[in-house]
Amino acid sequence: MYLIDKKAKQIMEECKARARAAGLIIHGETLEYIVTNQDMIELSPKIMIPTLYDYWVHDVEVLRDKWLYDVYPHNPFETTINTRPGISFYNDNNPDWLNAMIFYHVLGHLDMDMNNIFFRATWKDDFCGQALADKRLINRIREELGSEKRWVDYVIEFARAADNLVGYYAELEEADALEMQRASGTFSEKSSFYFGEFLRRKHDDNSIALRVYYEEVERYSECIRRLGEKLGEAVFFSDEKTRSKFPEFDSTFKKRETQKRKRVPTGDILLYLMENSEFLDREENLWMKDVIAVVRRTSLYFQPQIRTKICHEGWASLWHERLFMTDERLNGHEINFSVVNSGVMLHPRVGSNPYIIGKLLFEFIEELARKGKLSYAYQLIQDAETRNHYDQALGEEYGKKVLFEARRNLNDHMLINFLSDDDFQDFVNRHNLFVAGMRLTLESIAHGSAEVYVKSKSGRDYRAQLNRLLYHPPYVVIDESKATKPGGIYLNHVYEGRSLVTRYIAPVLIGLSYFTGGKAVKLETTEFEIDRGDHYVYQAPVASGQPNSTVKKDRVLYTCEGKKITRTVLSKG
C-alpha cells in the first residue's frame, strides 16, 4: 500500500475543485492510497480499517475471502474511510480515466460523511488514529496476560455478540446537548449541578454561608477567563481549594449521574455492563472493560454507515455520473465508462441495488422540488393528468438546494419514506419498478429453477420491500425492576414485528452472563407457536399461512445462569 503518485494526486485535486464548484463540501485535505486486489478484499466493511483490532474470527473471514477470490477473481474499485483527514483506497489496476471517475464517487462519499447529520458525532474524530491506539492497547493486554491471552479473543467475541445494541441515538443526543451548551454559552452538566444544586443544598442546610457561594462563582469565572471554557472548568474542579472544601463532590456528582441514567431504560447493554458489573470492576478484570470499550466505540462509529447505505451509494453515484460526464477526461473512454457505470448502476429484477435506488430517489426529489411538487397544493391534487403537468418552475438552483438539504438530513429510512404514497407510485411508474415473486412451474422444475414473475407494481408494496431490507436491530431495553438477583440483568425485547433469531439467543446470553460473573441474565421476547393439532412447533411468523395450523404469539423468558439456559412461556397469545 502506498500513496498515489503526483500525477494522480493532481487529477484528484482537479476533481475536488470541480466537486466544490458543484456544491459538495469537502473539508481539509484527503489521503489516497493505491492497494492491490488482495488488499482490497481484506479492506471489506467493518474490517476495512487497517489498524482496527484484529482477532481470530477476522483471520478466518479473510482466509475465506482469499479462497473466494482465487475461484472468482473480482476487482473492487475503491474503499473510503470516514476519518480526519478522509482516506480512500484505489485498486492498482485502475487506469487514469477510471480513477478520475472513482475520485468523483469518493468525493461524494466524503461529502456525505462530512455533512450528513447522522455522522455528526464523528465529524471531529480521527478514527484511524483511534483504531491504531485500540490495536496497541489490545496487543499490550495480550502480552500482559501471557498464556491466558486467549481470553482477549473470548471477551471480544462476547462483546461483539451484543455490539448491535449500543446507544447510537443516545450518543447523538448527548453530542447535541454539548453542542447546544457551546452555542448558547450555558454551563456544563457538572457546573450546573455544582452551582445549581450542590452549593444551594449546602446553603439551605446552613453548611455554607452565602458568601462562599459568591466566592466560588468568582473563582470559577476567573478560571474560565484565564484558561477558556473547557480547560478552565477542568482546572476549577481539580483545584485543591475545591477538593479540600467539598471532598464529597465528585462522588455525589457521579452518583447523581448514575441515578439519572438509571431513570431512563437503556438499550446500551455494553455501556450498562461497564458501569454496573461488579465482576468487571475487580482489579484482575479491569482489562475486560478496556476491550469492551473498544468494541463499543467501534460499533458506534459504524452505526451511521449502516443506516445510510442507500443514501451514501446513491449520493456518490449521482455525483460521479454528473461530474465525470462533463469532464474532458471522459473523451475517448465513453464506451468503457458506459460498461463500468452500467455495472455499478445495474438494477436487478430480483432484489435491490442501493447505488441506483439511492441515486434515482435523490434525482426524483430534486425534480419534484424544481417543479414545486413538494408542496401542500400539489399533494391535494387528485387528478392524474393535472399532477403530470404541474410545474411551478422554481428553477434549477431551488431544486439543487432541496437536493443538498436531503443529503444533509436524511438517512435510508427517511429517504425511502420521504415521498407521499402518490409521489412514490409516480416514482415506481417512472422507472418501471416492481416486486418480483418466485414460483415453481412444470417448465421451471424441468430446468431446475423457479420462475420469476411480476408480483406487484404497487408503490406501497415496493416501498415495503425496501423497508424490509433496511438495517433494523432489535429494540431491547434493560429493566432493572425485574432483575431478581443483585448483579443480574433483565432484558426486555420490545416486539416490533420481527422475532429474534432463536439459535443466537443462547450464545449471546452466555457471553453476557460471563460479564456479570455468572449472574442471571434474562431475556423476555416474543415467539410464535404453531398448533398443528397433535403438537406445537416454535418458529417465525412467516409460517402463519400454512394450512390447517393456528399461530399463537407467545411471550417467553430465556434465563441464563452460567452456561445453563432455560425457557419459560410467560403468556400465550
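Everything below is about the structure shown above.
Attention in this report is confined to the structure presented alongside it. Source: prediction; values computed, not measured.

### What about the side chain of K522?
Mapping K522 onto the fold places it in strand β9 (residues 521-531). Despite being buried, K522 has no salt bridge partner; E561 is the closest side chain of opposite charge, sitting 6.7 Å away. Apart from residues lying up to four places away in sequence, K522 is in contact with T484, I489, Y490, L491, L557, Y558 and T559.

### Re the sheet that holds strand β3 (residues 78-81)
What the four strands build is an open sheet, ordered β1-β2-β4-β3; its pairing is mixed. Each end of this open sheet is capped by a strand with a single partner; those strands are β1 (2-3) and β3. Of the pairings in the sheet, the one linking β1 to strand β2 (residues 30-35) comprises two bridges and is antiparallel in character. Each bridged residue has a counterpart across the sheet, and for L3 the counterpart in β2 is Y33. Contacting β2 and β4 (86-91), helix α1 (residues 6-22) crosses the sheet at an angle of about 135 degrees to β2. Taken strand by strand, helix α4 (residues 96-115) contacts β2, β3 and β4, and its axis lies near 25 degrees from that of β3.

### Some points on unusual backbone geometry
In this structure, the amide linkage connecting R84 to the following residue, P85, adopts the cis form with an omega of 0 degrees. Counting through the fold element by element, P85 comes out in the loop between β3 and β4. Here the phi dihedral of N206 falls at roughly 65 degrees; this positive angle occurs in a residue that is not glycine. Here N206 lies in the loop between α8 (189-204) and α9 (210-227). Residue classification places N206 among the exposed positions, given a relative accessible area of 69%. Not every positive phi belongs to a glycine, and N432 is a case in point at roughly 55 degrees. Overall, the relative accessible area of 40% leaves N432 in the partly exposed class.

### With respect to helix α25 (residues 459-469)
Of the positions making up α25, those classed as buried are G459, Y462, R463, Q465 and L466. Looking straight down α25, one finds that the buried residues subtend no more than 155 degrees of arc, so they occupy a single side. The outward face of α25, more than 90 degrees from its buried face, is lined by the exposed residues R460 and R468. Considering only its buried residues, α25 is in contact with α18 (354-370), α22 (412-416), α23 (421-430) and β5 (435-439).

### A short note on the pattern of salt bridges
It is possible for side chains of opposite charge to pair when their charged atoms get near one another. This structure, assessed with the given rule, holds 39 salt bridges. Note that E14 and R329 form a salt bridge whose closest N and O atoms lie 2.0 Å from each other. Pair noted here: E14 is in helix α1 and R329 is in the loop between α16 (309-324) and α17 (334-344), with a separation of 315 residues, a long-range link.

### Some words on the pairing of β2
Across six bridges, β2 lies against β4 in parallel orientation. Within β4, the position partnered with Y33 by the bridge is F89.

Cut-offs and rules
Residues numbered from 1 in each chain as written. Predicted model: local features only at pLDDT ≥ 70, side-chain atom pairs only at ≥ 80, totals over all residues. Heavy atoms only, no water. Helix = DSSP H or I, 4+ residues; strand = E, 2+ residues; numbered from the N terminus. Buried < 20%, exposed > 50% of the residue type's maximum accessible area, 1.4 Å probe, protein only. Lys, Arg positive; Asp, Glu negative; His and termini not counted. Salt bridge = Lys/Arg side-chain N within 4 Å of Asp/Glu carboxyl O. Contact = heavy atoms within 4.5 Å. Pairing = 2+ DSSP bridges. Axes fitted to C-alpha atoms, helices over the stretch in contact; angles between N-to-C directions. Arc of directions from axis to C-beta.

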